[in-house]
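Spelled out from the first residue to the last, the chains are:
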Amino acid sequence: MFSTKCTYCRSLISLKNEDLETAVTQAEAEHQTLYSVHCPKCQRINKIQIKELKRRLPPKPAATPTDAPPTEPETTPSDPTSV
């Protein structure tokens, strides 16, 4: 969730996490450094740096290697004298 205030009327502007991800991927694809957001109250455009949006993205879960076969736990050899 990203929240900021409008530069002109100071009303709150909020973006959901899905909107943040969309904005960042779209801006990176177009090699932009700013993202434009319309204020819901005064309808003026507010520009937000992509770096700021990236900082507010939720962390992605750690990727688990799916290509590697599962490893079996090592078993210790039993005592040969007890056999």
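Described below are features of the structure shown in this document. (Residues numbered from 1 in each chain as written. Predicted model: local features only at pLDDT ≥ 70, side-chain atom pairs only at ≥ 80, totals over all residues. Heavy atoms only, no water.)

Where charged atoms from two side chains of opposite charge approach closely, those side chains can pair. Considering all chains together, one arrives at three salt bridges under this definition. In this structure, R55 engages E52 in a salt bridge whose closest nitrogen and oxygen atoms are separated by 3.2 Å. Linking R55 with E52, this pair stays in helix 2 (residues 50-56), spanning three residues, or about one helical turn. Of the charged contacts, one joins E52 and R56 as a salt bridge, the two residues approaching to 3.1 Å between their closest N and O atoms. (Salt bridge = Lys/Arg side-chain N within 4 Å of Asp/Glu carboxyl O. Helix = DSSP H or I, 4+ residues; strand = E, 2+ residues; numbered from the N terminus.)

We now examine unusual backbone geometry. For R10, which is not a glycine, the phi torsion comes out positive at approximately 65 degrees. Within the secondary structure layout, R10 lies in the loop between strand 1 (2-5) and strand 2 (12-15).

As a further point, take the pairing of strand 2. Side-chain direction in a regular strand flips from residue to residue, so the side chains alternate between the two faces of the sheet. Alternating positions in strand 2 separate cleanly, I13 and L15 being buried on one face and L12 and S14 remaining unburied on the opposite face. Where strand 1 folds back onto strand 2 in an antiparallel hairpin, the turn is made up of six residues, including R10, whose phi is positive at roughly 65 degrees. (Buried < 20%, exposed > 50% of the residue type's maximum accessible area, 1.4 Å probe, protein only. Pairing = 2+ DSSP bridges.)

Turning to the packing of aromatic side chains, a few remarks are in order. This model, assessed by the stated rule, comprises zero aromatic pairs. A cation over a ring is seen here: R44 above Y8, with NZ or CZ 3.7 Å from the ring centre. (Phe/Tyr/Trp six-rings, centres within 6.5 Å; stacked < 30°, edge-to-face > 60°. Lys NZ or Arg CZ within 6 Å of the ring centre and 35° of its normal.)

With that out of the way, let us pick up the side chain of N46. Along the polypeptide, N46 turns up in strand 4 (residues 45-49). Polar side-chain contacts of N46 include one of 3.4 Å to the backbone oxygen of R44. (Polar contact = N/O pair within 3.5 Å; in protein donor to acceptor, adjacent residues only side chain to side chain.)

On to the nonpolar core, then. Counting 13 residues, the largest nonpolar core has F2, I13, L15, L20, V37, I48 and L53 as the members making the most contacts within it. When contributions to this core are tallied by element, the ones reaching two or more residues are strand 2, helix 1 (17-29) and helix 2. Top element by residues in this core is helix 1. It accounts for four residues. (Core = buried A, V, L, I, M, F, W, Y, C linked by side-chain atoms within 4.5 Å.)

All right, on to the environment of K47 then. Within the fold, K47 resides in strand 4. In this structure K47 comes out as exposed when scored by relative accessible area, which is 60%. Placed 13 residues apart in sequence, K47 and L34 show a C-alpha to C-alpha distance of 6.0 Å. Look past the residues within four positions of K47 in its chain and what remains in contact with it is L34, Y35 and S36. (Contact = heavy atoms within 4.5 Å.)

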